Amino acid sequence: MGLGSDVSGFYRLSQEERIKLLADFLDVKREEVPLPSPPPPLPLENSIGYFPVNLAVANYFLIDGRDYFIPMATEEPSVVAAASHGAKIARAGGGFRTGTGEQLMLSQVVITDAKRDLDVAQFVDIASRIAQSEMPSVVAAGGGFRGLDAERKGKYLVIRIWIDPADSMGANTLDRVAEALAPLFEEATGGKALLKILSNRVTRRLAWAEVEVPAEAVGGSDVAARIAEASDFAMLDEDRAVTHNKGIMNGVIALALATGNDTRALEAAAHSYAAKTGRYTPLSTWKFDGSKLSGKIELPVPVGVVGGSLKSNETAAFCLRLLRISRASELGRIMAAVGLAQNLAALMALVTEGIQKGHMRLAARTIAMAAGAEGTLVDLVANELIKTGQVRVDVAKRILESLKERK
Ligand code: MEV
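Asks: Describe in detail the packing of aromatic side chains, supporting the description with residues and values.
Replies: The final tally for this structure, using the stated rule, is one aromatic pair. With a centroid separation of 5.9 Å and an interplanar angle of 20°, the aromatic rings of Phe61 and Phe96 are classed as stacked. Here Phe61, found in strand S1 (residues 54-63), pairs with Phe96, found in the loop between helix H2 (77-91) and strand S3 (97-112); they are 35 residues apart in sequence, far enough to count as distant. Phe96 carries the same exposure label as Phe61, and that label is buried. Across from the ring centre of Phe10, 5.8 Å away, lies the NZ or CZ of Arg18, which sits over that ring. Just above the ring of Trp208 sits the side chain of Lys296; from NZ or CZ to the centre is 5.1 Å.

Here it is as structure tokens:
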């Protein structure tokens, strides 16, 4: 067709026009493009639809004595089942205890060619006034400007602005404040602002969760000891630590996506926090004292319950309602508990039957349902599928028919 992607004004086309243009680009009919016509939930530039990801709820979560259904948006089938499994085990020990400390995010103004260092004490009041005036809703919610410091890094002068973004994630606020303060710092130092942006390294907005369960809850002392050993090994070995943390983030990110949060900011913050000592380490640790298995996690939680895409995303707003929370710090605490539950279930599977068997069971159930199995037939078909070693819809359909005939 000779049609390329250099379409000027693409963003001005209607969604349907964009889809037709893509169909032409691929030289196929509109009907062959599996994009639904209804407008997407968020009016994003160049939108052509939305990408379906399952939204599910994990259950059994008892966090600080309160019961939760955890909304999780994820494409990985085992994540929700694993989170529920971890939470069920944690429940045997009274559930998760969680907490947070200060909730500070960092913005940077990077100055080049500074003639003078910044006398922080002299400028903190005026900087605070300017910053506060840039974020009235954050200030009204109890957050705001919390401090300033400056440091020379080679030829750069880095000015750090600390902000409590209250119940928002804070990215927009932090960027706005950095931009508003940059002229003041330029004038004070005689230099030029190169960058004015938040840092995704989050060291002062952390949440923790811990749990203690009797060894029987994980299948006995042997399993509990092996979980603790797997945790020790992750501390020793960076290859393993990254995978250990990836498992934690399976849960954290699914909850973040369901609640309309910036998943990339969480990933960036979590992995940089894991490497805070200069060596990459696991975000959670497990210990076994001979009768009780105890686990603890601490991670950065740059998340919000207001602002960002939340205004226009009704599903995310519902997910927050389901959690019955109104503070960002509460979401952070729940995230820590979900990460720990996810990690417990993964380690338990890994040190016993391995991860594949569970995945296979879940895949078999999904295929059984896709073949039309319902109720008790789902497990019956899934078990037969696993026995045959051929987890396919056509095989599931045959098994389902023969089971129905036998009834
Ligand atoms: C898979 O998505 C996550 C795991 O690899 C996590 C882990 O190994 O701890 C199972």
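Anyway, onward from the coordinates.
Asks: Which residues make up the layout of surface pockets, and what values go with them?
Replies: Estimates place the volume of the largest pocket at around 1,200 Å³. If you go around the largest pocket, you meet 44 residues; those closest to its centre are Leu42, Gly260, Asn261, Ser309 and Asn313. Only helix H4 (136-140), helix H5 (171-189), helix H7 (238-258) and helix H9 (314-323) provide two or more residues apiece to the lining of the largest pocket. For the lining of the largest pocket, the element with the highest residue contribution is H5, accounting for four residues. Looking at the lining of the largest pocket residue by residue, the classes come out as 24 nonpolar, 16 polar and four charged. Each of two domains, domain 1 (10-41 + 50-101 + 204-352) and domain 2 (105-198), supplies a minimum of three residues to the lining of the largest pocket. Reported here for the second largest pocket is a volume of approximately 670 Å³. Within the residue set of the lining of the second largest pocket, elements represented by two or more residues are H2, H7, helix H10 (328-351) and helix H11 (355-370). Ranked by the residues each element gives to the lining of the second largest pocket, the list is headed by H10, at eight residues. Its residues assigned to classes, the lining of the second largest pocket comprises 12 nonpolar, 12 polar and six charged.

Asks: Got a sec to walk through the nonpolar core? Specific residues and values, please.
Replies: Among the nonpolar cores identified, the biggest contains 62 residues, and Phe61, Ile70, Phe96, Val218 and Ile227 are the most heavily contacted of them. Here this core gets 12 residues from one element, more than from any other, and that element is H10. Val218 has contacts with Ile89, Val213, Val223, Ala224, Ile227, Leu293, Leu344 and Met348, leaving out every residue within four places of it along the chain. Core analysis: the next-biggest nonpolar cluster, separate from the first, contains 31 residues, Ala114, Ile159, Ala166 and Leu174 among them.

Asks: Just give me the short version of the domain arrangement of the protein chain, but keep the residues and values in it.
Replies: Structurally, the protein chain comprises domain 1 (10-41 + 50-101 + 204-352), domain 2 (105-198) and domain 3 (357-406). A separation of 32 Å is found between the C-alpha centroids of domain 1 and domain 2. Taking both partners together, domain 1 and domain 2 bury about 800 Å²; carbon and sulfur atoms supply 55% of that area. Taken as a group, Arg204, Arg205 and Arg327 account for 52% of the area that domain 1 buries against domain 2, more than any other trio of residues on that side. Linking Asp167 and Arg327 is a salt bridge whose minimum nitrogen-to-oxygen distance equals 2.9 Å. Seen at the junction of domain 1 and domain 2, the total is seven residue pairs in polar contact (both at pLDDT 80 or more). Across the side of domain 1 that touches domain 2, the residue classes tally to six nonpolar, two polar and three charged.

Asks: Let's hear about the side chain of Asp164: which residues, and what values?
Replies: Structurally, the position occupied by Asp164 is in strand S5 (residues 156-164). Within the local environment of Asp164, its side chain forms a polar contact with the backbone nitrogen of Ala166, the two atoms lying 2.8 Å apart. Once residues lying within four places of it in the same chain are set aside, the contact partners of Asp164 are Gln103, Leu104, Val138, Gly142, Gly143, Gly144 and Arg146.

Asks: Tell me about a nonpolar patch on the surface, and please be specific about residues and values.
Replies: On the surface, Tyr156, Leu194, Leu195 and Ile197 cluster together into a nonpolar patch covering about 340 Å² of accessible area. If one sorts the elements of the nonpolar patch by residue count, strand S6 (residues 192-198) sits on top with three residues. Positionally, Leu195 belongs in strand S6. Overall, Leu195 belongs to the partly exposed group, its relative accessible area being 43%.

Asks: So what's going on with the pattern of salt bridges? Which residues, and what values?
Replies: By the definition in use, this model includes 20 salt bridges. For Asp64, the salt bridge identified is with Arg333, shortest N-O distance 2.7 Å. With Asp64 in the loop between S1 and strand S2 (66-74) and Arg333 in helix H10, this pair connects stretches of sequence that are 269 residues apart. Judged by its relative accessible area of 19%, Arg333 falls in the buried class. Residue Glu186 is joined to Lys192 by a salt bridge in which the shortest nitrogen-to-oxygen separation is 3.5 Å. Look at Lys192 and you get exposed, because its relative accessible area is 52%. Connected through shared salt-bridge partners, Asp149, Glu151 and Arg160 make up one network.

Asks: Kindly report on the site of the ligand, identifying the contributing residues and their values.
Replies: Surveying the vicinity of the ligand reveals the residues Glu76, Arg240, Thr243, His244, Lys246, Gly247, Asn250, Ala346, Leu350 and Ile355. Lys246 places a side-chain nitrogen or oxygen 2.8 Å from an oxygen atom of the ligand. Contact distances for the ligand include 2.9 Å between an oxygen atom and a side-chain N or O atom of Asn250. For the ligand, the accessible surface in isolation is 300 Å², of which the surrounding protein chains cover 85%. More than half of the atoms of the ligand fall within 2 Å of the grid points belonging to the second largest pocket. Secondary-structure elements contributing two or more residues to the shell around the ligand are H7 and H10.

The rules we used
- Residues numbered from 1 in each chain as written.
- Predicted model: local features only at pLDDT ≥ 70, side-chain atom pairs only at ≥ 80, totals over all residues.
- Heavy atoms only, no water.
- Phe/Tyr/Trp six-rings, centres within 6.5 Å; stacked < 30°, edge-to-face > 60°.
- Helix = DSSP H or I, 4+ residues; strand = E, 2+ residues; numbered from the N terminus.
- Buried < 20%, exposed > 50% of the residue type's maximum accessible area, 1.4 Å probe, protein only.
- Lys NZ or Arg CZ within 6 Å of the ring centre and 35° of its normal.
- 1 Å grid on protein atoms, 1.4 Å probe; cavity = no way out; pocket = protein on both sides within 12 Å on 5 of 7 lines; lining within 4 Å.
- Points joined across faces, edges and corners; volume = space filled by probe spheres on them.
- Nonpolar A, V, L, I, M, F, W, Y, C, P; charged D, E, K, R; others polar.
- Domains from an automatic or database assignment.
- Core = buried A, V, L, I, M, F, W, Y, C linked by side-chain atoms within 4.5 Å.
- Contact = heavy atoms within 4.5 Å.
- Buried area = accessible area lost by both parts, 1.4 Å probe.
- Salt bridge = Lys/Arg side-chain N within 4 Å of Asp/Glu carboxyl O.
- Polar contact = N/O pair within 3.5 Å; in protein donor to acceptor, adjacent residues only side chain to side chain.
- Patch = residues over 30% accessible without salt bridge, like charges linked within 9 Å, V, L, I, M, F, W, Y side chains within 5 Å.
- Areas by Shrake-Rupley, 256 points an atom, 1.4 Å probe, with all protein chains shown as cover.
- Near = heavy atom within 4 Å.
- Sits in = over half its atoms within 2 Å of the grid points.

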